[in-house]
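If you want the building blocks of each chain, they are given just below.
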Amino acid sequence: MPRALPGSNVGGGGFLDYDTGKLGEALRAAKGGGRWQRWRWGPARRFREAVRLRLPLALLRIPPSARLAAPLPPASGNVSHRPGVAAARARNRRAMSEAGGGRGCGSSVPQRAPWSLVAATAAFCLVSATSVWTAGAAPMSREERQKLGNQVLEMFDHAYGNYMEHAYPADELMPLTCRGRVRGQEPSRGDVDDALGKFSLTLIDSLDTLVVLNKTKEFEDAVRKVLRDVNLDNDVVVSVFETNIRVLGGLLGGHSLAIMLKEKGEYMQWYNDELLQMAKQLGYKLLPAFNTTSGLPYPRINLKFGIRKPEARTGTETDTCTACAGTLILEFAALSRFTGATIFEEYARKALDFLWEKRQRSSNLVGVTINIHTGDWVRKDSGVGAGIDSYYEYLLKAYVLLGDDSFLERFNTHYDAIMRYISQPPLLLDVHIHKPMLNARTWMDALLAFFPGLQVLKGDIRPAIETHEMLYQVIKKHNFLPEAFTTDFRVHWAQHPLRPEFAESTYFLYKATGDPYYLEVGKTLIENLNKYARVPCGFAAMKDVRTGSHEDRMDSFFLAEMFKYLYLLFADKEDIIFDIEDYIFTTEAHLLPLWLSTTNQSISKKNTTSEYTELDDSNFDWTCPNTQILFPNDPLYAQSIREPLKNVVDKSCPRGIIRVEESFRSGAKPPLRARDFMATNPEHLEILKKMGVSLIHLKDGRVQLVQHAIQAASSIDAEDGLRFMQEMIELSSQQQKEQQLPPRAVQIVSHPFFGRVVLTAGPAQFGLDLSKHKETRGFVASSKPYNGCSELTNPEAVMGKIALIQRGQCMFAEKARNIQNAGAIGGIVIDDNEGSSSDTAPLFQMAGDGKDTDDIKIPMLFLFSKEGSIILDAIREYEEVEVLLSDKAKDRAAILKGKMIPSYIINSNPEMENEEQPSSENDSQSAEQITSSSQEVDLVDQESPEESSLNSQPESLSPADMDNAASVSPSEQISNPMENHETTSLDGECTDLDNQLQEQSETEEDSNPNVSWGKKVQPIDSILADWNEDIEAFEMMEKDEL
């Protein structure tokens, strides 16, 4: 979902209305090169009362309460409603008076200085730095900003007007067909429809946007419509998360601005907290979702029937996303503070407490999905995008709104982990919570675009600028930000539902830097929306950003957020009818007043952060600002950060031609290319290290590459590393697309196995293709050296046989060439990673060496360690082991054709003697399975591999066993038509085998006169029937592999 951040000064970016004398004094002090002393946040309550915005974002400008020249403006409305704000203004005025007008930016602040003095000084210094930047660049003219602001107003009117005309009271507008989207009347879109509850969603979500855009008359009319038409008691299952941030947040935001307008005395004089009463009603409807042992809410609830009742049609879910459970505290706490009903804040706090306790302790990261009953992580990947994003956002904002230090401690702990593991500037890549050095995926989703804005709130400007610029380059390539894109900036998911997160971050970066570049970014967003998304009945989501095709969809968050941020980006302070710095933005950009922090504070704080560890000072370099870090005395600071990234989306990374030529003239080697890389080459590994690329060996034997640009020896090496990673991703993707081969089979056909043991084998992308050629059959022999990486020293041992070689030390193709030159007819590579198994590891394909492999003519298969040990154990015990290499396991009729079968094979299933005859239906099934010559198998016999290798030895047969070994009479063979059909189908193939069986039985009868041979010899098809279950198991396993 869209994310939003707290409000800020909406001035045009000048800050030049402050006292120039003080400003000049501060600038002169800043040029002196002094630095602020590092210090952490102190008690949140005192700090919030000292600075009106009560958070680092406030320190990026001088709030009205800290202005040095202008008189303190009177509080708008009844001051009794805003005791926290009034107290902050009084304390700050007194502190600035005692300080004699402020300090220079180069001065150090005493560690225990009064919070009000520290805050005001920090704010003034940062404004000074921003003013330097503004003076050093050509700002957008006021006329152009007003023109763009008016354009945003017109765009909102187009979207909102068409919703009211064509869709209301439906939840959303379908802009292509000019009608409303009503739940149940349109084809289901899955989870997306969980936001729709037949409660005029778009109207409620747009309430406070109307006030921000100075449309107070329309706001009053909209509130009347909500009170008159909206029903919250519908029999519909909705998302708890979406309903909270859109509907509950919308009602609370509307209530906040309604009472503000009422205090002003012109509008809403009739209003008597009706929206708040609706919000309270909705809050109670959501509370049953928290009825779990963990305190985490169910993901969905029925507005009318709640949870678990038969008519509710919900309550059976076990999982929820982290953001879904952790994005409730602002709305629920505000509802408690507005109404005095503490239960809402208590439930939201409990959910946050549980998530904190379940974080992965070694990495301090949280997963994407969690079991709401057990607290176990279901999806163990972690990032800052979909599924987790607003959890981090609400931790920091909960500290701002509620004054609980533990929320800030938790956020700082998570932020440290994010910057340590997930942030790979300018990328933000998901990792595994248990192995945070391993990337969980190679693509990013559009929801992470909110994170630069959150970093501004944190005060960490540099990575915010870097990530924002990377995202902007993607937008310039595709006009919009795709729902997901790869690390080499190709489209992964092509949709774009008009998400506002990037506009949000653009707004906050502009307010933090004053850089007019971000006004130009906003202008680009406006132009793209009008050019590509605007349709006659509103704005349509993009179905594919590559083709420009539309989707009949205009989500409510488009009106709730996009137009707010775009308008605020270009608006001057006088364009807003209220002071937006008195409010904090929720993740849906709804406005909650900051004076709630001192209202109805009867909540007992039970969420004291446990096991909080003091983090390294570097994590807090930007928490309380250091002007040398945030804004060095360089007017081109932000531009200098963006410049290296301006071509990052292009196919090749930016590289100065002069630098490249100079590096070659100096004798340096050309950069390592992915196609030339060999993991066993020490020189290549040293080059990777220089480029900041780490090589990680996984348990299944694979190798993973991870790059951290900050670990590179130089910026040029970092560029080489990024290009190398992109080439490697493309090479791997190309290989996967070229050949997606099914598993192969290694079948042990020699005594005493006779095809009963079938091993799943990985194919090779080179050599003889077993799916197009006849299977290869031969005895196996170990090569020397065992790794097969050099010329074999025992060619006579592998001549005409299938060579066994160990994985590692060189490329697979090199091993194949060496055994082929020694005369081997095939090769089996056995994994050197002890304990690996096809049961637990994905199918492994042996890739070529990037060169021409047409010279390899023999088949090559790969066995994991567990399967390979079965063959090795068989060699140690029986010396001569014959195997069949094929694309599919062969039925035993084909394997044993013309072979003598010992009696213990016939007697391999003595339990069958006392079992009833199978039904004709089963017989028919068995016959079809046996006669089929294309059965697909990839697993061993029902016996475990150990049992197969140890218990398949010949044993002396007792007379009873001999009886079991005897076959049925001819009359019995004919009694079952299906059995007769079986015998007929195999008769041509098994004549020699039947004759041998008869000769063998006659010989044994002569040698043992005590044995009764009243029963005739059992035909081969009956023997094969004993192995039908094996075949079925093989088929099932191959389907699983595929």
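Per-chain numbering applies: the sequence of each chain, read as written, is numbered from 1 onward. For a predicted model such as this one, the threshold for reporting local features is a pLDDT of at least 70, and the threshold for listing and counting side-chain atom pairs is 80 or more; totals across whole chains, interfaces and linings nevertheless cover every residue. Side-chain figures throughout are based on the complete set of non-hydrogen atoms in the structure, without hydrogens or water.

Caption draft 1: Expanded view of the overall build of the protein. Strands are runs of DSSP state E lasting at least 2 residues, helices are runs of H or I lasting at least 4, and numbering of each runs from the N terminus. Along the backbone of the protein there are 37 helices and 29 strands. Burial classification: accessible surface area is computed with a 1.4 Å probe over protein chains only, and a residue below 20% of its type maximum counts as buried, one above 50% as exposed, and the rest as partly exposed. Within the protein, the fraction of its 1042 residues that count as buried is 58%. Contacts are assigned to residue pairs with any non-hydrogen atoms lying within 4.5 Å of each other. The long-range fraction of contacts in the protein, counting pairs at least 24 apart against all pairs at least 6 apart in sequence, stands at 75%. Per-residue accessibility takes into account occlusion by the displayed protein chains alone, with areas from the Shrake-Rupley method and a 1.4 Å probe. Surface exposure of the protein reaches about 41,400 Å², of which carbon and sulfur atoms provide 49%.

Caption draft 2: Seen up close, helix H9 (residues 240-264). Each helix should span, by expectation, one fewer than its residue count multiplied by 1.5 Å. Over its 25 residues, H9 runs 35 Å from end to end, which matches the ideal 36 Å to within 8%, given 1.5 Å per residue. Between the side-chain oxygen of the N-cap and the backbone nitrogen of Phe 241 there are 3.3 Å, and the N-cap of H9 in question is Ser 239. Positive backbone phi, approximately 95°, marks Gly 265, located one or two places after H9. Counted as a polar contact is a pair of N or O atoms within 3.5 Å, where, for protein atoms, one must be capable of donating a hydrogen and the other of accepting one, and residues adjacent in sequence contribute only when both atoms are in side chains.

Caption draft 3: Representation of the pairing of strand E27 (residues 826-830) within the structure. Of all the 5 residues making up E27, 5 are buried; the element is thus mostly covered by neighbouring parts of the structure. The parallel pair strand E26 (residues 802-806) and E27 is bridged by helix H27 (residues 812-821), and the resulting crossover is right-handed. Pairing of E27 with strand E28 (residues 860-863), which is carried by 4 bridges, proceeds in the parallel orientation. Bridging from a neighbouring strand, Val 829 pairs with Phe 862 of E28. Call a crossover right-handed when, viewed with both strands pointing away from you, the route from the first strand across the helix to the second goes clockwise. At least two DSSP bridges between two strands are required for those strands to pair.

Caption draft 4: How the structure looks around the pairing of strand E17 (residues 541-544). In terms of strand pairing, E17 meets strand E18 (residues 549-551) through 3 bridges, oriented antiparallel. Counterpart to Ala 541 in the pairing with E18 is Glu 551.

Caption draft 5: Quick look at the sheet that holds strand E7 (residues 377-379). In spatial order, the strands read E5-E6-E7; together these 3 strands make up an open sheet with antiparallel pairing. Here the strands that pair on one side only, and so sit at the sheet edges, are strand E5 (319-321) and E7. Neighbour to neighbour, the strand axes of the sheet diverge by 35° on average, direction disregarded. In this structure, strand E6 (residues 369-371) lies alongside E7, joined through 2 bridges in antiparallel fashion. Bridged to Thr 369 within E7 is Arg 379. Between the N-to-C directions of two axes lies an angle of 0 to 180 degrees, each axis being a line fitted to C-alpha atoms and, for a helix, fitted only over the stretch in contact.

Caption draft 6: Region of interest: empty space enclosed by the protein. Think of a 1 Å grid over just the protein atoms. A cavity is a set of points where a 1.4 Å probe fits yet cannot get out, a pocket is an open set with protein on both sides within 12 Å along at least five of seven lines, and lining residues have an atom within 4 Å of a point. Grid points are joined across faces, edges and corners, and a volume is the space filled by probe spheres set on the points. Under the defined criterion, the tally for this structure stands at 13 cavities of 30 Å³ or more. Taken as a whole, the largest cavity spans an internal volume of roughly 160 Å³. In terms of lining residues, the largest cavity is bounded by 16 residues, among which Ile 475, His 496, Arg 499, Leu 525 and Met 562 are the most central. Elements that contribute at least two residues to the lining of the largest cavity include exactly helix H18 (501-513) and helix H19 (517-533). Three categories are distinguished: nonpolar for Ala, Val, Leu, Ile, Met, Phe, Trp, Tyr, Cys and Pro, charged for Asp, Glu, Lys and Arg, and polar for the others, with Gly belonging to the last. Class assignment for the residues of the lining of the largest cavity results in 11 nonpolar, 3 polar and 2 charged.

Caption draft 7: Region of the structure containing the packing of aromatic side chains. For Phe, Tyr and Trp, where Trp contributes only its six-membered ring, two rings pair if their centres lie within 6.5 Å, and the inter-plane angle classes them as stacked under 30 degrees, edge-to-face over 60, or tilted in between. On inspection of all chains with the given rule, the structure shows 31 aromatic pairs. Plain terms: the ring middles of Phe 156 and Tyr 160 are 5.4 Å apart, the flat faces sit at 10° to each other, and that makes the pair stacked. Of this pair, Phe 156 and Tyr 160 both sit in helix H5 (residues 142-167), 4 residues apart, roughly one helical turn. Considered together, Phe 156 and Tyr 160 belong to a single accessibility category, that of buried residues. Grouping aromatic residues by their ring pairs yields a cluster made of Phe 156, Tyr 160, Phe 539, Phe 558 and Phe 563. Over the ring of Tyr 517 we find Arg 642; its NZ or CZ atom is 3.6 Å from the centre of that ring. Working rule: Lys NZ or Arg CZ, within 6 Å of ring centre, within 35 degrees of ring normal, means a charge sits over the ring.

Caption draft 8: Region of the structure containing the packing of helix H14 (residues 389-402) against helix H15 (residues 405-422). Running from N to C, H14 and H15 point in directions that differ by 150°, and their axes come no closer than 8 Å. Classified by the interaxial angle, the pair formed by H14 and H15 is roughly antiparallel. Considering the relative orientation of H14 and H15, their crossing is left-handed. For the pair formed by H14 and H15, the contact residues are Tyr 391, Tyr 392, Leu 395, Leu 396, Ala 398, Tyr 399 and Leu 402 on the first element and Asp 405, Phe 407, Leu 408, Arg 410, Phe 411, His 414 and Ile 418 on the second. Oblique is the label for any angle not under 35 degrees, not over 145, and not in the 65 to 115 range, which are roughly parallel, roughly antiparallel and roughly perpendicular in turn. For any helix crossing, the convention is left-handed if the near helix is rotated counterclockwise from the far helix by under a right angle, and right-handed if that rotation is clockwise.

Caption draft 9: Focus on the state of the cysteines. The criterion for a disulfide is a pair of cysteine sulfur atoms lying within 2.5 Å. Evaluated as defined, the whole model comprises 3 disulfides. Across a sulfur-sulfur distance of 2.1 Å, Cys 321 and Cys 324 are joined as a disulfide pair. Around the S-S axis, the bridge from Cys 321 to Cys 324 shows a dihedral of about 90° and counts as right-handed. On the accessibility criterion, Cys 321 (17% relative accessible area) is buried.

Caption draft 10: Highlighting H18. When the terminal C-alpha atoms of H18 are compared, their 18 Å separation across 13 residues agrees well with the 18 Å that a helix rising 1.5 Å per residue should span. Among the 13 residues of H18, 13 are classified as buried, and the element is accordingly described as predominantly covered. One or two steps after H18, the chain reaches Gly 514, where phi turns positive at roughly 70°.

Caption draft 11: Region of interest: the nonpolar core. As used here, the term nonpolar core means buried Ala, Val, Leu, Ile, Met, Phe, Trp, Tyr and Cys residues forming a set that is joined through side-chain atoms within 4.5 Å. Residues Leu 529, Phe 539, Phe 563 and Phe 578 are the most contacted members of the largest nonpolar core, which totals 180 residues. It is H9 that contributes the most residues to this core, 12 residues altogether.

Caption draft 12: The arrangement of the sheet that holds strand E13 (residues 484-486) in detail. Spatial ordering of the open sheet is given by E12-E13-E14, a layout of 3 strands whose pairing is antiparallel. Both edges of this open sheet fall to strand E12 (443-445) and strand E14 (491-493), since each of them pairs with a single strand only. Across the sheet, the mean angle separating the axes of adjacent strands is 30° when strand polarity is ignored. With 2 bridges joining them, E13 and E14 adopt antiparallel strand pairing.

Caption draft 13: The arrangement of the environment of Ala 889 in detail. Turning to its location among the elements, Ala 889 is positioned in the loop between strand E29 (882-886) and helix H29 (892-895). On a C-alpha basis, the gap between Ala 889 and Arg 756 in space is 10.0 Å, while along the polypeptide they are 133 residues apart.

Caption draft 14: The arrangement of the UniProt feature "binding site: Ca(2+)" (unreviewed entry) in the protein in detail. UniProt positions are given in the numbering used here, feature names are shortened, and annotations may be inferred rather than shown by experiment. Per the UniProt annotation, the sites labelled "binding site: Ca(2+)" (unreviewed entry) are Thr 587. Here Thr 587 lies in the loop between strand E19 (583-585) and strand E20 (591-593). A distance of 3.1 Å separates a polar atom in the side chain of Thr 587 from a polar atom in the side chain of Glu 393.

Caption draft 15: A look at unusual backbone geometry. With an omega dihedral of 10°, the bond running from Tyr 168 to Pro 169 counts as a cis peptide bond. Checked against the element boundaries, Pro 169 lands in the loop between H5 and strand E1 (172-174). With an omega of 5°, the peptide bond running from His 751 to Pro 752 counts as cis. Positionally, Pro 752 belongs in the loop between strand E23 (744-748) and strand E24 (757-761). One non-glycine residue, Asn 364, lies in positive phi territory at about 60°. Checked against the element boundaries, Asn 364 lands in the loop between helix H13 (343-357) and E6. The class for Asn 364 is buried, based on a relative accessible area of 18%. Here Asn 479, not a glycine, exhibits a phi torsion of approximately 75°, which is positive.

Caption draft 16: Spatial organisation of the environment of Glu 882. Residue placement: Glu 882 occurs in strand E29. For the pair Glu 882 and Ala 781, spaced 101 residues apart in sequence, the C-alpha to C-alpha distance is 9.7 Å. Apart from residues lying up to four places away in sequence, Glu 882 is in contact with Gln 747, Ile 748, Val 749, Ser 750, Arg 777, Gly 778 and Phe 779. Polar contacts involving the side chain of Glu 882 include one to the side chain of Arg 777, which spans 3.1 Å.

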